Amino acid sequence: MSADVGAAVADRRAAAIACAPMTAATRGDALRLLSAFLGSDDHYRASSAAYGDGGAEALARALDLFLARPELGFVWLAFAGSEDGDSRGEAVGACVVCHAISTSRGTLVAKLDDVTIARAWQGRGVGTAMLAALAAHLRGLGATRIDCGCHRDNGGAWRFYEALGFTPLDEERIALLL
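Residues numbered from 1 in each chain as written. Predicted model: local features only at pLDDT ≥ 70, side-chain atom pairs only at ≥ 80, totals over all residues. Heavy atoms only, no water.

Draft legend 1. Just the pattern of salt bridges, in detail. If you walk through the whole model with that rule in mind, you get seven salt bridges. Close ionic contact of Arg-27 with Asp-64 constitutes a salt bridge, the shortest N to O distance being 2.8 Å. Placement of Arg-27 in helix α2 (residues 27-40) and of Asp-64 in helix α4 (residues 55-68) is noted, with a sequence separation of 37 residues between them. For Arg-69, the salt bridge is made with Glu-71, and the minimal N-O distance between the two is 2.7 Å. Judged by its relative accessible area of 38%, Arg-69 is partly exposed. Residue classification places Glu-71 among the partly exposed residues on the basis of a relative accessible area of 47%. (Salt bridge = Lys/Arg side-chain N within 4 Å of Asp/Glu carboxyl O. Helix = DSSP H or I, 4+ residues; strand = E, 2+ residues; numbered from the N terminus. Buried < 20%, exposed > 50% of the residue type's maximum accessible area, 1.4 Å probe, protein only.)

Written as structure tokens, this is what we have:
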């Protein structure tokens, strides 16, 4: 991410956003936000069959796996109106982060999926604050890159990611269900 992310986070609109990994206590918040995203995002829905979308039951299992196996990744939550993620301000953003090892970097990298901001909070700096805090957290874990997929027809998401310094790889993600 570019250094401009830090300046964008200083934006007054995002000043009250705090972020933290999902815990057992905030699992319901993650479930609510990610359920809304997976159930209604046209870009996700367009490829959900190829992903093997298992619906609400699969999401619940995934959240339980993140809690049971934190070495594999975590769900990152953004809270509005709290000083830290534990004070349980309103959860207004979420994304899924999985750890991977990059052979090109020779380091830990992060795979970012299902980035979502509650509709009432979109356009208020939450996404920028959430990803800036995530980048700092991942740097602290030794990660050196964040990889993210984005539907080619989702112009708003492309502009958002590019404004944060993400670079298109000119690759297409493909999947094989096992």
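Now that the structure has been shown, we can carry on.
Draft legend 2. Examining the environment of Leu-108 more closely. On the secondary structure map, Leu-108 appears in strand β4 (residues 107-117). When the C-alpha atoms of Leu-108 and Arg-145 are compared, they prove to be 7.8 Å apart, with 37 residues separating the residues in sequence. Residues in contact with Leu-108, not counting those within four places in the same chain, are His-99, Ala-100, Leu-141, Gly-142, Ala-143, Thr-144 and Arg-145. (Contact = heavy atoms within 4.5 Å.)

Draft legend 3. Summary view of the pairing of β4. Pairing of strand β3 (residues 90-102) with β4, which is carried by nine bridges, proceeds in the antiparallel orientation. Directly across from Ala-100, in β4, lies its bridge partner Val-109. Across four bridges, the pairing between β4 and strand β5 (residues 143-148) is parallel. Counterpart to Leu-108 in the pairing with β5 is Ala-143. Since β4 and β5 lie parallel, the crossover through helix α5 (residues 126-140) that links them has a hand, and here it is right-handed. (Pairing = 2+ DSSP bridges. Right-handed = clockwise from strand over helix to strand, strands pointing away.)

Draft legend 4. Spatial organisation of the packing of aromatic side chains. Summed over all chains, the structure comprises three aromatic pairs. Among the aromatic residues, ring-to-ring pairing joins Phe-160, Tyr-161 and Phe-166 into one connected group. For the cation-ring pair, Arg-124 lies above Trp-121, with the distance from its terminal atom to the ring centre recorded as 3.8 Å. (Phe/Tyr/Trp six-rings, centres within 6.5 Å; stacked < 30°, edge-to-face > 60°. Lys NZ or Arg CZ within 6 Å of the ring centre and 35° of its normal.)

Draft legend 5. A look at the environment of Ala-163. Here Ala-163 shows up in helix α6 (residues 155-163). For Ala-163, a relative accessible area of 56% corresponds to the exposed category. A C-alpha to C-alpha distance of 9.3 Å links Ala-163 and Thr-128, two positions 35 residues apart in sequence.

Draft legend 6. Highlighting the side chain of Thr-26. Its location among the elements puts Thr-26 in the loop between β1 (17-21) and α2. Here Thr-23 takes part through its backbone nitrogen, which lies 2.8 Å from a polar atom of the side chain of Thr-26. (Polar contact = N/O pair within 3.5 Å; in protein donor to acceptor, adjacent residues only side chain to side chain.)

Draft legend 7. Geometry of the packing of α2 against helix α3 (residues 42-51). At their nearest, the axes of α2 and α3 sit 6 Å apart, and the two run at 70 degrees to each other. Between α2 and α3, the angle is such that the two are roughly perpendicular. In this structure, α2 uses Phe-37, Leu-38, Gly-39 and Ser-40 to contact α3, whose residues at the interface are Asp-42, Tyr-44 and Arg-45. Residue composition of the contact of α2 with α3, grouped by class: three nonpolar, two polar and two charged. (Axes fitted to C-alpha atoms, helices over the stretch in contact; angles between N-to-C directions. Parallel < 35°, antiparallel > 145°, perpendicular 65-115°, else oblique. Nonpolar A, V, L, I, M, F, W, Y, C, P; charged D, E, K, R; others polar.)

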